[in-house]
Amino acid sequence: ESESEEQPKTLLKPVFVPKNKRDTIKEKEQAEIEEEERLKREAERVKERASESKELLVEKIRTEKEAETKEAEEDSDLENIMPDDNDDVNEAEEYELWKIRELKRVLREKEERERQIREQLEVHRRRNMTDEERRLDDERLDKLAGPK
């Protein structure tokens, strides 16, 4: 340790470099120029993509309009061909069938709500049991279920 401290370190003499001959400034200027060029290229790409997307949109709208006109022509042809078959509709019978479907739906929803309430009550009841009571209840339920 003492030997390294004894040796004097040689220091380089500072040399003046004129501003126009400094590499760092030239590098910064070159980087700025490259960045500007990159930004210009990027702006051109954005414009190109925007014009391409507009062209695609116009093409898509045109094809959709063509498809709609074709469908409208086909629909009008079908309407001319198909007869009006609503003459034999019995509204009273349809209403009765709807009432039956609606009553069945209401009953099904009511039963589902009651089933959920029973299930919640059973869960609450089992949570309030001790381990021994729960074990006995499990055995009782196994006996009710029978062999599988």
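Residues numbered from 1 in each chain as written. Predicted model: local features only at pLDDT ≥ 70, side-chain atom pairs only at ≥ 80, totals over all residues. Heavy atoms only, no water.

Trainee: What exactly am I supposed to notice about the overall build of the protein here?
Mentor: For the protein, the count of helices and strands is 4 helices and 0 strands. Helices (α) and strands (β) of the protein occur, in sequence order from the N terminus, as α-α-α-α. Relative to its full complement of 148 residues, the protein shows a buried share of 2%. In the form shown here, the protein has an accessible surface area of approximately 15300 Å², with 53% of it arising from carbon and sulfur atoms. (Helix = DSSP H or I, 4+ residues; strand = E, 2+ residues; numbered from the N terminus. Buried < 20%, exposed > 50% of the residue type's maximum accessible area, 1.4 Å probe, protein only. Areas by Shrake-Rupley, 256 points an atom, 1.4 Å probe, with all protein chains shown as cover.)

Trainee: Would you mind going over the pattern of salt bridges with me for this structure?
Mentor: Once the charged atoms of two side chains with opposite charge are near each other, the side chains can pair. Counted under the stated rule, the structure contains 18 salt bridges. As a salt-bridge pair, Arg62 and Glu66 come within 2.8 Å of each other at their nearest N and O atoms. Residue Arg62 and its partner Glu66 are located together in helix 2 (residues 23-81), separated by 4 residues, close to a single helical turn. On the basis of relative accessible area, Arg62 is assigned to the partly exposed category, the value being 39%. A relative accessible area of 38% places Glu66 in the partly exposed class. In this structure, Arg140 and Asp137 form a salt bridge, with 2.6 Å as the shortest nitrogen-oxygen distance. With a gap of 3 residues between them, Arg140 and Asp137 both fall in helix 4 (residues 131-145), about one helical turn apart. Linked through salt bridges whose partners overlap, the residues forming this network are Glu122, Arg125, Arg126, Asp137, Asp138 and Arg140. (Salt bridge = Lys/Arg side-chain N within 4 Å of Asp/Glu carboxyl O.)

Trainee: Explanation requested: the packing of helix 3 (residues 91-127) against helix 4 in the structure shown.
Mentor: The geometry of a pair of packed helices is captured by two quantities: the angle between their axes and the separation between those axes. In the contact formed by helix 3 and helix 4, the axes pass within 10 Å of each other and the chain directions differ by 135°. With respect to helix 4, the axis of helix 3 lies oblique. Counting all contacts with helix 3, which are made through Glu122, Arg125, Arg126 and Arg127, the residues of helix 4 involved are Arg134, Asp137, Asp138, Arg140 and Leu141. Broken down by class, the residue content of the contact of helix 3 with helix 4 amounts to 1 nonpolar, no polar and 8 charged. (Axes fitted to C-alpha atoms, helices over the stretch in contact; angles between N-to-C directions. Parallel < 35°, antiparallel > 145°, perpendicular 65-115°, else oblique. Contact = heavy atoms within 4.5 Å. Nonpolar A, V, L, I, M, F, W, Y, C, P; charged D, E, K, R; others polar.)

Trainee: Got a minute to help me understand a negative patch on the surface in this structure?
Mentor: Together, Glu29, Glu32, Glu34, Glu36 and Glu37 make up a negatively charged patch on the protein surface. Mapped onto the fold, Glu32 is located in helix 2. (Patch = residues over 30% accessible without salt bridge, like charges linked within 9 Å, V, L, I, M, F, W, Y side chains within 5 Å. Lys, Arg positive; Asp, Glu negative; His and termini not counted. Charge placed at Lys NZ, Arg CZ, Asp CG, Glu CD.)

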